[in-house]
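# Coordinate inspection notes
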Amino acid sequence: MKIKTKRGGELVPFKFNRAQRRLWRDYILPDLLSGKPLRYIILKARQEGVSTFIAGFKFWVVTLNKNRGGIIVAHTQDAAENLFDKIKVFYKCMPEALRP
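In this report, the structure presented in the accompanying data block is examined. This structure is a prediction, so every number in the text was calculated from the model and none was measured. (Residues numbered from 1 in each chain as written. Predicted model: local features only at pLDDT ≥ 70, side-chain atom pairs only at ≥ 80, totals over all residues. Heavy atoms only, no water.)

## Comments concerning the packing of helix H2 (residues 50-64) against helix H3 (residues 77-93)
Short version of the rule: Orientation is described by lines fitted to C-alpha atoms, with helices fitted over the stretch in contact, and by angles between N-to-C directions that extend from 0 to 180 degrees. Each helix is a run of DSSP H or I of at least 4 residues and each strand a run of E of at least 2, with the numbering of both proceeding from the N terminus. Relative orientations are named as follows: roughly parallel for angles under 35 degrees, roughly antiparallel for angles over 145 degrees, roughly perpendicular for angles from 65 to 115 degrees, and oblique for any other angle. Each crossing gets its hand from how the near helix is turned against the far one by less than a right angle, where anticlockwise is left-handed and clockwise is right-handed. Residues count as neighbours in contact if any of their non-hydrogen atoms are within 4.5 Å of one another.
Closest axis-to-axis distance for the H2/H3 pair is 10 Å, and the angle between their directions is 50°. Our classification of the angle between H2 and H3 gives oblique. At the point where H2 passes H3, the crossing takes the right-handed sense. Contact residues: H2 offers Ser 51, Thr 52, Ala 55, Gly 56 and Phe 59, while H3 offers Leu 83, Lys 86, Ile 87, Phe 90 and Tyr 91.

Below, the structure is given as structure tokens:
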């Protein structure tokens, strides 16, 4: 998956930062492995990359697994559009053979 950088808007591979790695390692991965439903309410600080991580994770789940759906809720229309723009970049940069 690729994301746009804040500086310059270039496309770069998505790599976990510290907050994303902790969210994955301490919460999402254990729930996935145990078969628990993945439902989270995340009160987050700004600019930690949590929204990008969740958008990317949900994109992976719903595009590469059959019969899956997901929802991401934003607090404003602008925030929702920003998340949708990230998802469009994920799709655009996805290998065509993997696109649903």
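Picking up after the structure, the text goes on.
## Considerations on the pattern of salt bridges
Counted only if it meets this: Salt bridge, as applied in this entry: a Lys or Arg side-chain nitrogen positioned within 4 Å of an Asp or Glu carboxyl oxygen. Three labels apply to residues, based on accessible area from a 1.4 Å probe with only protein chains included: buried if under 20% of the type maximum, exposed if over 50%, partly exposed otherwise in between.
Under the defined criterion, the tally for this structure stands at three salt bridges. Between Asp 26 and Arg 22 there is a salt bridge, with its nearest N and O atoms 3.1 Å apart. One end of the pair, Asp 26, and the other, Arg 22, are both in helix H1 (residues 18-34), four residues apart, so they sit about a helical turn from each other. With a closest N to O distance of 2.9 Å, Arg 25 and Asp 26 form a salt bridge. Among the residues examined, Arg 25 registers a relative accessible area of 46% and is labelled partly exposed. On the basis of relative accessibility, which here comes to 33%, the residue Asp 26 falls in the partly exposed class. What you see here is one network of salt bridges that share partners, running through Arg 22, Arg 25 and Asp 26.

Geometric values such as these leave the question of function open.
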